Amino acid sequence: MLSCFSSAHKRFKNLALEKVGHNRNAKLPMDKLLTLPELRANPFGERMCLIFSTTKDGDCTFEDFLDMMSVFSEAAPKSVKADYAFRIFDFDGDDYLGRRDLEETITRLVSPQRFSHSDMDALVARVLEEADLDDDGMLSFAEFEHVISKSPDFANSFRIRL
């Protein structure tokens, strides 16, 4: 555990040595965090920073960064990973994954490929048909968690190695 903490602190500090230095309360701007290869390559890197930032502006303290690394660690429970995945995919912040959230999630996952409007509509309709158990046109966290529970590689794909 201490070695993971130490690795996380080293990575955080190396993002902006001049800013972090010995300042325990240093806060790194999102653009610095997005230079980490794992975040830069992730289509949800910016969303991840926004969700974990205590000020919700994407800028993170070391504590915010450590929270992010903990959730994306191999040791984090699948239920915790599901909770944060849901928050990341909930672009409008209404505690549901509606059509627009699903469209944005799919668009980011398949980028640079683009779907036609009719293909996107069909894909979102198919997702809702499979996962929207109460037929309200959106996914609640419980419905999302139910879908995730059927995905054996979800926990492995929702991971950052330090």
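Quick caveat, the model's predicted, so the values are computed rather than measured. (Residues numbered from 1 in each chain as written. Predicted model: local features only at pLDDT ≥ 70, side-chain atom pairs only at ≥ 80, totals over all residues. Heavy atoms only, no water.)

1. Let's talk about the overall build of the chain
Within the chain one finds 11 helices and two strands. Order of helices (α) and strands (β) in the chain, N terminus to C terminus: α-α-β-α-α-α-β-α-α-α-α-α-α. Projected onto its principal axes, the C-alpha coordinates of the chain cover approximately 55 × 30 × 25 Å. The long-range fraction of contacts in the chain, counting pairs at least 24 apart against all pairs at least 6 apart in sequence, stands at 53%. Working note: accessible area of the chain is about 9,600 Å², and carbon and sulfur atoms make up 53% of it. (Helix = DSSP H or I, 4+ residues; strand = E, 2+ residues; numbered from the N terminus. Contact = heavy atoms within 4.5 Å. Areas by Shrake-Rupley, 256 points an atom, 1.4 Å probe, with all protein chains shown as cover.)

2. Topic: helix α9 (residues 117–131)
The end-to-end C-alpha distance of α9, which contains 15 residues, comes to 21 Å, matching closely the 21 Å that a straight helix rising 1.5 Å per residue would cover. Those residues of α9 hidden inside the fold are in contact with α8 (99–110) and α10 (141–149). (Expected span 1.5 Å × (residues − 1).)

3. Quick look at the packing of helix α5 (residues 45–52) against helix α7 (residues 78–89)
Packing of α5 against α7 leaves a shortest axis separation of 9 Å and a crossing angle of 110 degrees. Viewed along their axes, α5 and α7 adopt a mutual orientation that is roughly perpendicular. Between α5 and α7 the crossing geometry is right-handed. Every residue of α7 that contacts α5 at Arg47, Met48, Ile51 and Phe52 is listed here: Tyr84, Arg87 and Ile88. Residue composition of the contact of α5 with α7, grouped by class: five nonpolar, no polar and two charged. (Axes fitted to C-alpha atoms, helices over the stretch in contact; angles between N-to-C directions. Parallel < 35°, antiparallel > 145°, perpendicular 65-115°, else oblique. Left-handed = near helix turned anticlockwise from the far one by under 90°. Nonpolar A, V, L, I, M, F, W, Y, C, P; charged D, E, K, R; others polar.)

4. A few points about the pattern of salt bridges
In total, this model carries eight salt bridges according to the counting rule given. Between Lys27 and Asp57 there is a salt bridge, and its shortest N-O distance comes to 3.8 Å. Placement of Lys27 in strand β1 (residues 27–28) and of Asp57 in the loop between α5 and β2 (60–61) is noted, with a sequence separation of 30 residues between them. For the salt bridge of Glu129 with Arg126, the shortest nitrogen-to-oxygen distance reads 3.0 Å. With Glu129 and Arg126 both in helix α9, this residue pair falls three residues apart, about one helical turn. Using a relative accessible area of 58% as the deciding quantity, one classes Glu129 as exposed. (Salt bridge = Lys/Arg side-chain N within 4 Å of Asp/Glu carboxyl O. Buried < 20%, exposed > 50% of the residue type's maximum accessible area, 1.4 Å probe, protein only.)

5. So, α5
Within α5, six of the eight residues are buried, leaving the element largely enclosed by the surrounding structure. Against the buried residues of α5 lie α3 (30–33), α4 (37–40), β2, α6 (62–71), α7 and α8.

6. Side note on the UniProt feature "domain: EF-hand" (unreviewed entry) in the chain
When the UniProt feature table is mapped onto this chain numbering, "domain: EF-hand" (unreviewed entry) sits at residues 77–112 and 119–154. For residues 77–112, the helix share is 67%, the strand share is 0%, and the end-to-end C-alpha distance is 31 Å. With 64% helix and 0% strand, residues 119–154 has end C-alpha atoms that lie 25 Å from one another. (UniProt positions renumbered as here; feature names shortened; annotations may be inferred.)

7. Quick notes on the environment of Phe44
By the secondary structure assignment, Phe44 is in the loop between α4 and α5. Given a relative accessible area of 6%, Phe44 falls into the buried group. Spatially, the C-alpha atom of Phe44 lies 8.7 Å from that of Leu109, the residues being 65 residues apart in sequence. Dropping the residues within four chain positions of it, Phe44 is found in contact with Ile88, Phe89, Phe91, Thr105, Arg108 and Leu109.

8. Thoughts on unusual backbone geometry
The omega torsion across Ser111 and Pro112 is 10 degrees, close enough to zero to call that bond cis. Here Pro112 is to be found in the loop between α8 and α9. With phi around 70 degrees, Asp95 is a residue other than glycine that occupies positive phi space. Position of Asp95 among the secondary structure elements: in the loop between α7 and α8. We classify Asp95 as exposed; its relative accessible area is 55%.

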